[in-house]
Amino acid sequence: MTISYNWLHNYLPETIEPERLSKILTSIGLEVESLEKFESIKGGLEGLVIGEVLACEQHPNADKLKQTKVNIGAAEPLQIVCGAPNVAAGQKVVVATVGTTIYPSTGEPLTMKVAKIRGVESYGMICAEDEIGLSTNHAGIMILPNDVVVGSPASAYFKPYTDFIYEIGLTPNRMDAMSHLGVAKDVCAYLSHHNNKDIKSKPPFDNSFKVDEASLNIKVTVEDVDACPRFSGLTISNITVADSPQWLKDKLTAIGVRSINNVVDVTNFILHETGQPLHAYDVEAITNNQIIVKKLPEGTNFTTLDEKERKLNAFDLMICNGKEEPMCIGGVFGGLKSGVSNTTKNIFLESACFSATGIRKTSVAHGLRTDAATRFEKGVDISNCVNVLKRAALLIKEVSGGKMTSDVVDVYPAPKEKVTVAIKYHYLKKLSGKNYHPDAVKRILTALGFEVAKESIDALTVSVPYSKPDISLPADIVEEVLRIDGLDNIDIPTSITISPSVETLNAKETLKEKIANYLTGLGFNEIFTNSITNSKYYGEEVLTTTVKMINNLSEELNVMRPSILETGLETIAYNINRKNNNLKFFEFGKTYSVTNAGKYAEKEHLALYITGNNHEDEWKEKAQPNDVYVAKGIAVAVLQLSGITNVEFVQHENALQLVSNKKELAQLKEIRKTELSNFGIKQSVLFIDIDFEALLNTVSKQKIVYKEVAKFPAVERDLAIVIDKAVTYDIVQSIIKKQKLHKLQNTRLFDVFESDKLGAGKKSMAINFTFLDEEKTLTDKEIDSMMNKLMEGFTKELNAEIRK
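A. Structural detail: the overall build of the protein chain. When helices and strands are tallied, the protein chain shows 20 helices and 40 strands. In summary, the protein chain has a C-alpha radius of gyration of 39 Å against a globular reference of 28 Å for 804 residues, an excess of more than 25%. Considering only C-alpha atoms, the protein chain reaches an extent of 120 × 90 × 65 Å along its principal axes. Residue burial in the protein chain is summarised as follows: out of 804 residues, 47% are buried. Excluding contacts between residues fewer than 6 apart, the proportion of contacts in the protein chain whose partners are at least 24 apart in sequence is 70%. On the protein chain, roughly 42,200 Å² of surface is accessible, and the fraction owed to carbon and sulfur atoms is 49%. Where the 92 positive side-chain charges of the protein chain centre and where its 104 negative ones centre are 4 Å apart.

Next up, the structure:
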């Protein structure tokens, strides 16, 4: 929510400094996320003065330059070299003196210095419009009327608009603060409570509305009063649609609203002033001078203001003319043919209240997140429709002329009763932690518009103002009291007494924590990515089983992720773009899909991402890039840490599968460059996807076996074999397993050597074998027997040559 400091002070009885106001707003729950100065002209024309050209002569050393003498009201005129073709003696001009900073319409700011131009010193600059940010016109210097005062500040003549703009982070329940008037009421309630005096906001409404002549009456029929509980309007005739006056443009521009024309600008002004959306119709589009509020058949075509043809839903509430032709999607968006144009002379001005759920449903269905829809779906003050309507009508008459040609038509068949809420003072103390005096509670609530309905020694019953439709519970009243008292004023106890309850983690959480601690020790960082992602990352085949969002927050977040890879790549790209290239991430997350039976399914994963170097360059050791062997070692280590020791590898075209007891537990792959390019990543990324559910299931079936430490020494032997280059270590390990050497405890590949001296297409593998007999010390004869069996297997199966 954007709030203007100047605009807000139209409704405050006293001036509050911008910084103090910022603190007050944050204290009452309207958190100020930013406070920035707004200038309609950058720099506010500070330092620029009005001057008069006394003399203008040809520059002695340049044909296109002039040497001028300019009076700026100082003791001596300034000598300024000017290149504008239209400069002449007797002109009133804008001068940037030495030391002044100017802010051109395009380009960087420029500070004036004494300059020597073609041998002639120049003490400033005679300015064109674009050079000081007034426009993009650079046809020549700006020539002012003769009646301007020489030496006066340029800002006094042009009167640039300056303001302070607050960006407020509103919680979804605070629709009452979605306007300047609503914020002003909160500020006044705060001041009343803390200054201990009655301070009220200055309402913009008055009683000056009157009908000039009842010559253009519009009949209104509401067929669905649940979707539209109140609809009011009136007609204004003989208006002139034109540009808005400067004050109105300035106020809207300051909060980021584009000026369109005087009528539309008034409706936008009222929206941000009171929080009540309005809509203006060209009476020419209202056939038979009749408006019908109804729902049209499914699939009805309707062209909206953005010139898009949309198919209506059966639940869309439409504002129709006498022929039941749609003119506007009620409370959401206007129609192309019924809006105010430059030729409009007569308008019907609408101020209504629509069902919050209906507006939300229609707004999301058509992707129209308008300011009006945002307010209606949170709830508006139904009691204020007519007051706001009259206020807007008077403003339109002021800025566009015309006259009131109908009285207010107000269809309000079932006036809404106020909600009453009772609160006990001990409950207030329990929730707030503070003991409030009943008088202070009443003062706060009445300042916010609540009415005391009933009062007793220990309780208070209040009627809730229509402007606060979110309040229905005693806890809501506690929040209101706490806000106005100031969230910073909540007492902090000197001691906190708790009874800790320590719960033992279940097997799943225990395993997660064990793995997380291990990975953190390896230099990994845990990430949490959004399970809602962009469908553009996936192909058509994947999208057929993907869970699609119905009410997606944005076009980019429209599916539940079918794969955990892409959201991790987004995080990697974010870091790489900020020069953080060496990354190790892990994430416990879920993927989602639709089964063949049409049911939703989710699967839990442990994803590991590795990219860049394994460490930074050091004096003793240069950095080495992470590769697939590093990733493989980490994947195996995680499985072994979980209690799975019998891990086998199955190589596929694009991935390496890690299998235990014929069940796939993980996949390891290097991401293709084409896929990385979608995220702007230019360096290698290794990805390990562990099926956490399968891992947990396998671990749960593992039996924990204890045995004492061996009393006898282990024996190590090394063996080097020459084999074909195509033979992998995985194949070598499978041959070792075939020998069924129960006393072989461990094997370790410690060297791979390739050379033409070994023969064409050959390589050497050096393997370390560890033998152990837990009952006695192994003899050389026993060890030699096992080594011979291994060598025979290598020779027979791989046609290996044993290196001596």
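B. Structural context of unusual backbone geometry. Its identity is not glycine, yet Leu45 carries a phi of approximately 60 degrees, on the positive side. Looking at the secondary structure, you find Leu45 in the loop between strand 2 (31–39) and strand 3 (48–58). Under the relative-accessibility criterion, Leu45 is labelled buried at 4%.

C. Examining the pattern of salt bridges more closely. One pass over the structure, following the stated rule, counts 34 salt bridges. Between Lys725 and Glu754 there is a salt bridge, with its nearest N and O atoms 3.7 Å apart. Separated by 29 residues along the polypeptide, Lys725 in the loop between strand 37 (715–724) and helix 19 (729–738) and Glu754 in the loop between strand 38 (744–753) and strand 39 (762–771) bring together distant segments of the chain. On the basis of relative accessibility, which here comes to 43%, the residue Lys725 falls in the partly exposed class. For Glu754, a relative accessible area of 48% puts it in the partly exposed group. Two residues, Glu782 and Lys776, come together in a salt bridge whose shortest N-O distance is 2.6 Å. Classification of Lys776 by relative accessible area gives partly exposed; the value is 33%.

D. The arrangement of the sheet that holds strand 28 (residues 525–526) in detail. With mixed pairing, seven strands are arranged side by side in an open sheet as 28-31-32-36-35-34-33. A single partner strand is all that each edge strand has here, and the edge strands are strand 28 and strand 33 (648–651). Sheet topology places strand 28 next to strand 31 (residues 583–594); two bridges connect them, and they run parallel. Counterpart to Glu526 in the pairing with strand 31 is Phe586. Here helix 15 (residues 565–576) sits on the sheet in contact with strand 31, strand 32 (600–611) and strand 36 (685–691), set at roughly 150 degrees to strand 31. Those strands touched by helix 16 (residues 628–642) are strand 32, strand 33, strand 34 (656–660), strand 35 (663–670) and strand 36, and its axis lies near 20 degrees from that of strand 36.

E. A look at empty space enclosed by the protein. Tallying each qualifying case throughout the model produces one cavity of 30 Å³ or more. In this structure, the largest cavity occupies an estimated 40 Å³ of space. Lining the largest cavity are Lys42, Gly43, Leu45, Glu46, Leu48, Thr101, Ile102, Tyr103 and Ile132.

F. Main features of helix 10 (residues 425–432). All of the buried residues in helix 10 are Tyr425, Leu428 and Ser432. For helix 10, the angular spread of the buried residues around the axis is 55 degrees, confining them to a single face. Helix 10 presents His426 and Lys430 as exposed residues on the side facing more than 90 degrees away from its buried surface. Buried residues along helix 10 sit in contact with strand 25 (420–424), helix 11 (438–447), strand 27 (459–463) and helix 12 (474–485). Looking one or two residues past helix 10, Gly433 carries a phi angle of roughly 75 degrees, positive in sign.

G. Focus on the pairing of strand 25. Every second residue of strand 25 is oriented toward a common face, the buried set being Val421 and Ile423 and the non-buried set Thr420, Ala422 and Lys424. Two strands pair when backbone bridges link them, and strand 25 and strand 27 are joined in this way by five bridges, in the antiparallel orientation. For Lys424, the partnering residue across the bridge sits in strand 27 and is Ala459.

H. Structural context of the packing of helix 19 against helix 20 (residues 780–798). Contact pair helix 19 / helix 20: the axes reach a minimum separation of 10 Å and the direction vectors enclose 125 degrees. With respect to each other, helix 19 and helix 20 are oriented oblique. Of the two possible hands of crossing, helix 19 and helix 20 adopt the one that is right-handed. On helix 20, the residues that touch Ile731, Val732, Ile735, Ile736 and Lys738 of helix 19 are Leu790, Gly793, Phe794, Glu797 and Leu798. Its residues assigned to classes, the contact of helix 19 with helix 20 comprises seven nonpolar, one polar and two charged.

I. Just the sheet that holds strand 26 (residues 451–455), in detail. Read from one edge of the open sheet, three strands run 25-27-26, paired in antiparallel fashion. Of all strands in the sheet, those with a lone pairing partner are strand 25 and strand 26, marking the two edges. The average angle at which neighbouring strand axes cross in this sheet is 25 degrees, direction not considered. In this sheet, strand 27 lies alongside strand 26 in antiparallel orientation, the contact comprising four bridges. Bridging from a neighbouring strand, Glu455 pairs with Leu460 of strand 27. Those strands touched by helix 10 are strand 25 and strand 27, and its axis lies near 75 degrees from that of strand 25. Helix 11 contacts strand 26 and strand 27 of the sheet and is inclined by roughly 5 degrees relative to strand 27.

J. Expanded view of the layout of surface pockets. Of the volumes computed, that of the largest pocket is approximately 1,500 Å³. Lining the largest pocket are 40 residues, with Val647, Phe649, Tyr729, Asp730 and Gln733 sitting closest to its centre. The element contributing the most residues to the lining of the largest pocket is helix 19, with seven residues. Partitioned by chemical class, the residues of the lining of the largest pocket number 19 nonpolar, 12 polar and nine charged.

K. Examining the pairing of strand 32 more closely. Alignment of strand 31 against strand 32, held across 12 bridges, turns out to be antiparallel. If you follow Thr591 over to strand 32, its bridge partner there is Lys603. Hairpin connection from strand 31 to strand 32: five residues lie between these consecutive antiparallel strands, with Gly598 at a positive phi of about 85 degrees. Where strand 32 lies against strand 36, seven bridges are found, and the strand directions are antiparallel. Residue Leu606 lies in a different strand from strand 36, and its bridge partner there is Ile690.

L. The arrangement of the environment of Gly449 in detail. Following the sequence through the fold, Gly449 ends up in the loop between helix 11 and strand 26. Since its relative accessible area comes to 33%, Gly449 is described here as partly exposed. In this structure, the C-alpha to C-alpha distance between Gly449 and Glu325, residues 124 residues apart in sequence, is 41 Å.

M. Region of the structure containing helix 6 (residues 262–274). Between its first and last C-alpha atoms helix 6 spans 18 Å; for 13 residues at 1.5 Å apiece the expected length is 18 Å, and the two agree. Restricting attention to buried positions, one finds in helix 6 the residues Asn262, Val263, Asp265, Val266, Thr267, Asn268, Phe269, Ile270, Leu271, His272, Glu273 and Thr274. With a side-chain oxygen positioned 3.1 Å from the backbone nitrogen of Val263, the residue opening helix 6 is Asn261. Residue Gly275 follows helix 6 closely and has a positive phi angle near 85 degrees.

Cut-offs applied
- Throughout this description, residue numbers start from 1 for each chain and increase along the sequence as written.
- Where totals are concerned, whole chains, interfaces and linings use all residues; where local detail is concerned, this predicted model gives features only for residues with pLDDT of at least 70, and gives and counts side-chain atom pairs only at 80 or more.
- Only hydrogens and water are set aside when side-chain values are computed; all heavy atoms of the structure are taken into account.
- Strands are runs of DSSP state E lasting at least 2 residues, helices are runs of H or I lasting at least 4, and numbering of each runs from the N terminus.
- Put simply, the radius of gyration uses C-alpha atoms, and a globule should come to 2.2 Å times the residue count raised to 0.38.
- Only protein chains enter the accessibility calculation, which uses a 1.4 Å probe. A residue is then buried if its area is under 20% of the maximum for its type, exposed if over 50%, and partly exposed in between.
- Whether two residues touch is decided by their heavy atoms; if any such pair falls within 4.5 Å, the residues are in contact.
- In this description, accessible areas are obtained by the Shrake-Rupley approach with a 1.4 Å probe, and a residue is regarded as covered only by the protein chains that are shown.
- Counting rule for charge: Lys and Arg are taken as positive, Asp and Glu as negative, and neither His nor the chain ends is counted.
- For charged residues, the charge sits on one atom: NZ in Lys, CZ in Arg, CG in Asp, CD in Glu.
- Any Lys or Arg side-chain nitrogen found within 4 Å of a carboxyl oxygen on Asp or Glu counts as a salt bridge.
- If DSSP finds at least two bridges between two strands, the strands pair.
- Where helices are involved, their axes are fitted lines through C-alpha atoms of the stretch in contact, as for all axes, and angles between N-to-C directions lie from 0 to 180°.
- We place a 1 Å grid over just the protein atoms. Points where a 1.4 Å probe fits but has no way out form a cavity, open points with protein on both sides within 12 Å along at least 5 of 7 lines form a pocket, and any residue with an atom within 4 Å of a point lines it.
- Grid points are joined across faces, edges and corners, and a volume is the space filled by probe spheres set on the points.
- The arc refers to the directions leading from the helix axis to the C-beta atoms.
- For classification purposes, angles smaller than 35 degrees are called roughly parallel, those larger than 145 roughly antiparallel, those between 65 and 115 roughly perpendicular, and all remaining angles oblique.
- Crossings are sorted by hand: turned counterclockwise from the far helix by less than a right angle, the near helix makes the crossing left-handed, and turned clockwise it makes it right-handed.
- Residues are sorted three ways: Asp, Glu, Lys and Arg are charged, Ala, Val, Leu, Ile, Met, Phe, Trp, Tyr, Cys and Pro are nonpolar, and all the rest, Gly among them, are polar.
- A helix's residues, less one, multiplied by 1.5 Å, set its expected span.
- In protein, a polar contact requires one atom able to donate a hydrogen and another able to accept it; more generally it is a pair of N or O atoms within 3.5 Å, and residues adjacent in sequence count only if both atoms are side-chain atoms.

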